[in-house]
Structures are given as structure tokens and as C-alpha cells.
Amino acid sequence: MEQPDATGVWRPDWPCPVRHLLAQHRRGPGDPTLRLAAPGEPGPHWRASRTPEGPVTLAIDPLDAAGDVHARAWGPGARWALAQLPDLLGGGDDWTGFEARHPVVAEAWRRHPHVRLGRSGRSLEALVPTIIEQKVTGQEAFAGFRALVLKYGEPAPGPGARAGLHLQPTAATLVSIPSWAWLGLHIDPARSRAVVTAARHADALERVAARTAGAAADLDRAIRSLPGLGVWTSAEVRQRTLGDPDAVSFGDFHVAKDVGWALTGGEIDDRELAELLEPWRPHRGRVPLLLGAAGLRRPRRGHRASRRGHLPHV
């Protein structure tokens, strides 16, 4: 393997579940921007990204016996990516003020005390696949995103290309894709227009995401000001870009029903979910996070792959 452009070692102050934190950013098992080693394997995990300083390939090892995370990086964005690695792996996630408030949440937290929210700091990379996931099944969305990246992205720097990693397309590339080509990717006009519009505002979105104060509220307003983007899309992006602990994916087909089933014993709607989660503000997003980590999901019925329109309000 060729020499990395930069290396780093980070010692988290908790037993950081590296694979779990990186998986928050994965878009299906075939995501060409992220390759995770199988659970229990020594790694590394591979990630390709576009940083403010240029493309990067990251090779991140699981936590070692000494409690360290070792990482290597290739490409112009190597040093930026290594400096940002603790945030990506949840090092900046502050649980101060969070209270379990419910025995089911308390038990989930007890069993999964090391759950964190990572933050990538890159809004467009979170926004593009999120838009593609609007109003279609996960299987369709993952296939569309994969096709977009493989056709219009580029191989990741260094050994990333040999690992099968690709970078997402640049904002300029996204804007240049003709409407008929999106159809060939099985991405309909409503979603492709939203992606192109977001790409045209990419610089402004990245500036908002880089703010140190008020970024979550500002990014929420910026995203929802764009045509075709709503509360679900904003929450999904803020969760990944900023690690926003108060972001809740209202409008998702599963979230309200799963949280209601876990905490009340029955399915609820978004209005009831908002009321149920209100006491946890400004940590509302941690409740679905913990319940998901504990595998507390209502029993699924029917053939999930054939379901359409799983995001009725985006």
C-alpha cells in the first residue's frame, strides 16, 4: 500500500464503536463512498469524501487494545480529514442534560452507553443521498445513489480506488447532468431538480454548516428554504452533518410508529410523536437513536421492498 499523505492517532475518552459511528453515514451495503469491514474483523474501514481542502481517502482502524483509533489519509484533504476525525466518530457529541425519563429509554441507554452522534461537517454530501431517498423505498434510493456516484463521481485518491471507493460528484458536475440522464439513474424529475438546486447553493450550505454557533437552526432554515426540501430532509442532513441531537425525522414512514410502539405500546403519528418527544428537547433525536440501537422496532408486516411513498411529508 502506498505511503499515506498524513497519519493520525486519536484516543477517545470512551470505548468508541468506530464501525457503528461510521455506519451512520452509509447509504446501503453497496455505498461506493464507504466500505466497512465486517463486524469483528480488524479493518480498516474505508471512507471517501470531499473536504474544503480537496478529496480524501480515509482508512480508519477499529479501536485497538490501548483504546486508540489509528487512521491514514491520502489526497489533498488528508490533514483536514484527520483533524475532523474525532467529530466524525462522535468525539464532540455532548450528552450533558439528557435524561432517560422513560424506563424503556433508560434500559436502552444502559445497554448501549457508548452510542454517539458523529458529524461529518459536509452538508452537500449528506444532502444529495438524502434527497434521493425521498418518497421511494430504501432499496430504490440506495441503487440510485450508487449509480449516480459510479457514473458521475470519480475514484478516490490513493489506495481508495483499489478498495472500490468513489467520491460523490462535485456540485458543478451535479448541475451539469442533463434531465434525461437522471432518468437513466432511476431518479425522477422531482428529486433530480431538488439535487440540482441544492448543488447550486452548495457553497452557502457549507458555510452554514461550518459555523460554530447556531449552525443547526441556520442549516435547518437554509435547507427548508429550497424547493422540494422539508423537515424530514433537514433532520436527516443535520443528524449526519452536525450531529444535531434535537433533529427528529418527522415524516419518516417508520420513526413515529417505532417510537410509539416502544414507548406507548402502540403506533402513533407525527403529531403524537412531537408531543411525546417534547420533554426531551433539546435532545429529542437521542430517543430514536437509542431505541434503534437497542433494536426496538415494531413488528414489520407485508413485503417491505414493494412499498412506495414511505416519506409522505418530506
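If you're wondering where the values come from, they're calculated on a predicted model, not measured in any experiment. (Residues numbered from 1 in each chain as written. Predicted model: local features only at pLDDT ≥ 70, side-chain atom pairs only at ≥ 80, totals over all residues. Heavy atoms only, no water.)

**Things to note about the confidence of the model for the protein chain**
How we decide: Values of pLDDT, ranging from 0 to 100, describe the predictor's confidence in every residue of the model. We call two residues contacting when some pair of their heavy atoms lies within 4.5 Å.
On average, residues of the protein chain carry a pLDDT of 92, and 95% of them reach 70 or more. Of the regions scoring below 50 in pLDDT, residues 303–314 engages in 38 contacts with residues more than four places distant in sequence or in other chains.

**Regarding the packing of helix H4 (residues 123–132) against helix H8 (residues 189–200)**
The test is simple: To obtain each axis, a line is fitted to C-alpha atoms, and for helices this fit is confined to the stretch in contact; angles are then taken between N-to-C directions over 0 to 180 degrees. Only runs of H or I of at least four residues qualify as helices and only runs of E of at least two qualify as strands under DSSP, and these elements are numbered from the N terminus. Each angle gets one of four labels, with under 35 degrees taken as roughly parallel, over 145 as roughly antiparallel, 65 to 115 as roughly perpendicular, and the rest as oblique. Crossing handedness is defined as follows: a turn of the near helix away from the far one that is anticlockwise and smaller than a right angle gives a left-handed crossing, while the clockwise case is right-handed. All residues other than Ala, Val, Leu, Ile, Met, Phe, Trp, Tyr, Cys, Pro, Asp, Glu, Lys and Arg, Gly among them, are scored as polar; the first ten of these are nonpolar and the last four charged.
Viewed as axis vectors pointing N to C, H4 and H8 meet at an angle of 170°, and their least axial separation amounts to 9 Å. Accordingly, the angle class assigned to the pair H4 and H8 is roughly antiparallel. Handedness of the H4/H8 crossing: right-handed. Contact with H4, carried on its side by Leu124, Leu127, Val128, Ile131 and Ile132, involves Arg191, Ala194, Val195, Ala198 and Ala199 of H8 and no other residues of that element. A breakdown of the residues in the contact of H4 with H8 according to their chemical character gives nine nonpolar, no polar and one charged.

**Observations regarding helix H9 (residues 202–209)**
Definition in use: The cut-offs for exposure are 20% and 50% of the maximum accessible area for each residue type, with area from a 1.4 Å probe on protein chains only; residues under the lower value are buried, those over the upper are exposed, and the others partly exposed. This arc is taken over the directions from the axis of the helix to the C-beta atoms.
Residues Ala202, Leu205, Glu206, Val208 and Ala209 constitute the buried set of H9. Projection of H9 onto a plane perpendicular to its axis shows the buried side chains occupying an angular sector of 160°, all on one side. H9 presents Asp203 and Arg207 as exposed residues on the side facing more than 90 degrees away from its buried surface. Where H9 is buried, its residues touch H4, helix H6 (171–176), H8, helix H10 (215–224) and helix H11 (231–242).

**Quick look at the nonpolar core**
Short version of the rule: Within this scheme, the nonpolar core is defined by two criteria: the residues are buried Ala, Val, Leu, Ile, Met, Phe, Trp, Tyr or Cys, and they are joined through side-chain atoms within 4.5 Å.
Within the largest apolar cluster, 33 residues are counted, with the highest numbers of intra-cluster contacts made by Ile132, Leu148, Leu174 and Trp182. Of all the elements in the fold, those that place two or more residues in this core are H4, helix H5 (138–152), helix H7 (179–184), H8, H9, H10 and H11. Element by element, the count of residues in this core is highest for H4, at six residues. In contact with Leu174, not counting residues within four places along its chain, are Leu124, Val128, Leu148, Pro169, Trp182, Val195, Val196 and Ala199. The next biggest cluster of nonpolar side chains, apart from the first, holds 22 residues, and it includes Trp95, Phe98, Val259 and Leu263.

**Digging into the packing of H4 against H9**
Think of two packed helices as two axes; the pair is described by the angle between the axes and how far apart they sit. Look at H4 against H9: their axes get within 9 Å of each other, and the N-to-C directions meet at 120°. By the criterion of interaxial angle, the relationship of H4 to H9 is oblique. Contacts between H4 and H9 involve Ser123, Leu124 and Leu127 from the first element and Ala202, Leu205, Glu206 and Ala209 from the second.

**Structural notes on the packing of aromatic side chains**
The line we're drawing: In summary, the pairing rule links any two rings of Phe, Tyr or Trp, Trp by its six-membered ring, whose centres are within 6.5 Å, and it sorts them by plane angle into stacked for under 30 degrees, edge-to-face for over 60 and tilted for everything else.
Across all of its chains, the model carries five aromatic pairs by this definition. Look at Trp95 and Phe98: their rings are 5.2 Å apart centre to centre, the planes differ by 85°, and that puts the pair in the edge-to-face class. Ring centres of Trp95 and Trp109 lie 5.6 Å apart, and the angle between their planes is 25°; this geometry places the pair in the stacked category. One end of the pair, Trp95, is in the loop between helix H2 (78–88) and helix H3 (103–111); the other, Trp109, is in helix H3, and 14 residues separate them in sequence. For Trp95, a relative accessible area of 12% gives the class buried.

**What to know about the pattern of salt bridges**
Where charged atoms from two side chains of opposite charge come close, those side chains can pair. Threshold: A pair is scored as a salt bridge if a Lys or Arg side-chain nitrogen falls within 4 Å of a carboxyl oxygen belonging to Asp or Glu.
Across all of its chains, the model carries 23 salt bridges by this definition. Residue Asp188 is joined to Arg191 by a salt bridge in which the shortest nitrogen-to-oxygen separation is 2.8 Å. One salt bridge in this structure joins Asp220 and Arg224, with 2.9 Å as the shortest N-O distance. Taken together, the residues span about one helical turn, with Asp220 and Arg224 both in helix H10 at a distance of four residues. For Arg224, a relative accessible area of 41% translates into the label partly exposed. Salt bridges sharing common partners tie together Asp220, Arg224, Arg238 and Asp244.

**Here we look at the environment of Ala235**
Following the sequence through the fold, Ala235 ends up in helix H11. You can call Ala235 buried: its relative accessible area is 0%. Expressed as a C-alpha distance, the spacing of Ala235 and Thr130, which sit 105 residues apart in the sequence, is 9.9 Å.

**Looking at the sheet that holds strand S4 (residues 54–60)**
Two orientations exist for strands paired in a sheet by backbone hydrogen bonds: parallel and antiparallel. Put simply, the test is: Here, strands pair whenever DSSP counts at least two bridges between them.
Reading across from one edge, S1-S5-S4-S3-S2 is the order of the five strands in this open sheet, with antiparallel pairing throughout. Lying at the two open borders of the sheet, with one neighbouring strand each, are strand S1 (6–10) and strand S2 (34–35). Note that strand S3 (residues 45–51) and S4 share seven bridges and pair antiparallel. Bridge pairing links His45 to Ile60 in S4.

**Observations concerning the pairing of strand S5 (residues 69–74)**
Where S1 meets S5, five bridges bridge the pair, whose relative direction is antiparallel. Bridge pairing links Ala6 to Ala73 in S5.

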